[in-house]
Amino acid sequence: MASITLKELYKIYPGNPEVVAVKDFNLDIADKEFVVLVGPSGCGKSTTLRMIAGLEEITKGELYIGEKKVNDVPPKDRDIAMVFQNYALYPHMTVYKNMAFGLELRKTPKAEIDTRVREAARILDIEHLLDRKPKALSGGQRQRVALGRAMVRNPAVFLLDEPLSNLDAKLRASMRTELIKLHQRLGTTFVYVTHDQTEAMTMGDRIVVMKDGLVQQVDTPQNLYDTPCNVFVAGFIGSPQMNFIDGVLNKNAEGYYVDVQGDEVHIKPDKVNEKMAAYVGKPIKLGIRPEDIHDDEAFLAEHPGSAIEAQVEVSELMGSEVYLYLDYKGTRLTARVAPDTTSKTGNTVRMGIDTRKVHLFDNDTEAAIMN
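It should be emphasised that the depicted structure is a prediction, and the values quoted were computed from it without experimental measurement.

Novice: Teacher, can you tell me more about the packing of helix H2 (residues 95–105) against helix H4 (residues 139–151) here?
Specialist: When two helices pack together, you describe them by how their axes are tilted relative to each other and by the distance separating the axes. Close contact between H2 and H4 brings their axes to 8 Å; oriented N to C, the two are set at 30 degrees. If you check the angle between H2 and H4, you find them roughly parallel. The hand of the H2/H4 crossing is right-handed. Contact with H2, carried on its side by Val95, Asn98 and Met99, involves Val145, Gly148 and Arg149 of H4 and no other residues of that element. Residue classes in the contact of H2 with H4 are distributed as 3 nonpolar, 2 polar and 1 charged.

Novice: What should I look at first to understand the pairing of strand S8 (residues 189–194) in this one?
Specialist: With 6 of its 6 residues buried, S8 lies for the most part within the structure. Of the two faces of S8, the one carrying Thr189, Val191 and Val193 and the one carrying Phe190, Tyr192 and Thr194 are both buried. As defined by bridge partners, strand S3 (residues 34–38) adjoins S8 across 5 bridges and the pair is classed as parallel. Looking at S8, one finds that Val36 is bridged to Tyr192.

Novice: Mind showing me how you'd approach the sheet that holds strand S21 (residues 368–370) here?
Specialist: Sheet strands pair by backbone hydrogen bonding; their relative direction is either parallel or antiparallel. Pairing is antiparallel in the open sheet, where 6 strands are placed in the order S13-S12-S11-S14-S20-S21. With partners counted over all chains shown, the strands left at the sheet margins are strand S13 (263–266) and S21, one partner each. Between one strand axis and the next, the sheet turns by 45 degrees as a mean value, whatever way the strands run. Strand direction decides the pairing type here: strand S11 (residues 243–252) and strand S14 (residues 283–288), joined by 6 bridges, are antiparallel. Looking at S14, one finds that Val248 is bridged to Pro283.

Novice: Mind showing me how you'd approach the pattern of salt bridges here?
Specialist: Between side chains of opposite charge, a pair can form when the charged atoms approach closely. Considering all chains together, one arrives at 16 salt bridges under this definition. The salt bridge involving Arg206 is made with Glu33; its shortest N-O contact spans 2.5 Å. Separated by 173 residues along the polypeptide, Arg206 in strand S9 (residues 206–211) and Glu33 in the loop between strand S2 (19–29) and S3 bring together distant segments of the chain. A relative accessible area of 22% places Arg206 in the partly exposed class.

Novice: Just to check I follow, could you spell out the packing of aromatic side chains for this structure?
Specialist: Ring pairs (aromatic) are described by centroid distance and by the angle formed between their planes. For the coordinates displayed, the defined rule picks out 6 aromatic pairs. With 5.2 Å between their ring centres and 35 degrees between their planes, Phe34 and Phe190 make a pair best called tilted. Taken as a pair, Phe34 in strand S3 and Phe190 in strand S8 lie far apart in primary sequence, 156 residues in all. Assessed through its relative accessible area of 1%, Phe34 is described here as buried. Where Phe244 meets Phe361, the ring centres are 5.9 Å apart and the plane angle is 70 degrees; that geometry is what we call edge-to-face. With a gap of 117 residues between them, Phe244 in strand S11 and Phe361 in strand S20 (residues 359–362) connect regions that are remote in the sequence. Among the residues examined, Phe244 registers a relative accessible area of 21% and is labelled partly exposed. Three or more aromatic residues joined by ring pairs make a cluster, and in this case those are Phe34, Phe158, Phe190 and Tyr192.

Novice: Looking at this model, I keep getting lost on the nonpolar core. Mind explaining?
Specialist: Proteins that are soluble and globular tend to have nonpolar side chains buried together. Met99, Val117, Leu147, Leu160, Leu179, Tyr192 and Val209 are the most contacted members of the largest nonpolar core, which has 47 residues in total. Not counting residues up to four positions away in its chain, the partners in contact with Val117 are Tyr96, Met99, Ala100, Leu130 and Val152.

Novice: Got a minute to help me understand the sheet that holds strand S15 (residues 293–294) in this structure?
Specialist: Strand order in this open sheet of 5 strands is S15-S19-S16-S17-S18, and the pairing throughout is antiparallel. The sheet is open, and its two borders are formed by S15 and strand S18 (331–337), each paired with just one other strand. Pairing geometry for strand S16 (residues 307–317) and strand S17 (residues 322–328), over 6 bridges, is antiparallel. From the neighbouring strand, Ser315 faces S17, where its bridge partner is Leu324.

Novice: Just to check I follow, could you spell out the packing of H2 against helix H3 (residues 110–123) for this structure?
Specialist: H3 packs onto H2 with a crossing angle of 135 degrees between their chain directions and a minimal axis gap of 10 Å. Between H2 and H3, the angle falls in the class oblique. Every pair of crossing elements has a handedness; the one defined by H2 and H3 is right-handed. Residue-level inspection shows Tyr96, Met99, Ala100, Leu103 and Glu104 of H2 in contact with H3, the latter providing Ile113, Asp114, Arg116, Val117, Arg118, Ala120 and Ala121. When its residues are assigned to classes, the contact of H2 with H3 shows 8 nonpolar, no polar and 4 charged.

Cut-offs applied
Residues numbered from 1 in each chain as written. Predicted model: local features only at pLDDT ≥ 70, side-chain atom pairs only at ≥ 80, totals over all residues. Heavy atoms only, no water. Axes fitted to C-alpha atoms, helices over the stretch in contact; angles between N-to-C directions. Helix = DSSP H or I, 4+ residues; strand = E, 2+ residues; numbered from the N terminus. Parallel < 35°, antiparallel > 145°, perpendicular 65-115°, else oblique. Left-handed = near helix turned anticlockwise from the far one by under 90°. Contact = heavy atoms within 4.5 Å. Nonpolar A, V, L, I, M, F, W, Y, C, P; charged D, E, K, R; others polar. Buried < 20%, exposed > 50% of the residue type's maximum accessible area, 1.4 Å probe, protein only. Pairing = 2+ DSSP bridges. Salt bridge = Lys/Arg side-chain N within 4 Å of Asp/Glu carboxyl O. Phe/Tyr/Trp six-rings, centres within 6.5 Å; stacked < 30°, edge-to-face > 60°. Core = buried A, V, L, I, M, F, W, Y, C linked by side-chain atoms within 4.5 Å.

In structure tokens:
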């Protein structure tokens, strides 16, 4: 088993101008940890994973697997196994041969190969598929074979690059569960790349949020959700994404409040911090998650000072909840409310903002002022 340390890692592609794909990447991944790299396309997450694997040369910085610096160590000697988005199975080989092939190249004894392949197949529930070829398998089955091929090597580190993105939504959800159980069973370090923040939130012990080659924030899923460090992280983590409203931070005898186009959103005293004094009278962004905007009378009665009026542009029934897409004085907001809501498309409605859950961000730097 192994920890992974990335110190000031850079990947720069030469050219005019040169392309900096990853810059100043620092991260310590503990032994047996499940870490997810997440971000939009082109943010550098797959490049980072490929540098760990040895498939991309490191331009600057140091990479350690365990105690060993591996910058110049070839991929085959790094004790890692990589699972790709496209499975990369040999079409002319059976499932058994696909899983055994890497061990055969290493001159592993036949009896040991057979034991390892059958054990991996049992864990992944693909024993009945060992004599089939990849074309006779579904997407989910092929994904399991690709995982099995990695497992038989007993690697210290599993690297997974968007392994579920080719699967349909239902299968993706069940494979997420299978991967979590597999990680617990194997007790191996997992580094997982995805652009899907739902995958990141449900699977990772910690999440690394990336944008434009830079690490934005590293934390547990819950901490990322509750205390995002900037507007990008706040908007990327959570579905539907956080709402942002332009306002001005003010203070009176009762305390701090945000003036949003004439409406006052009062900040709870226990949320106030020392940063806020410097922003009084200045424009800021107020962030509020869709589930923290309410239209039920009980909430509005309990929080009379938090109500705003908005028009419902679209109402989407999702079964267990309803998404209301609102126009609030020209700003688009999304609210996630109970399925028994009486708010309908075209209605003008009173919505209550849960002031215990608001976030404030600097207008220029987009850094968090208050969570």
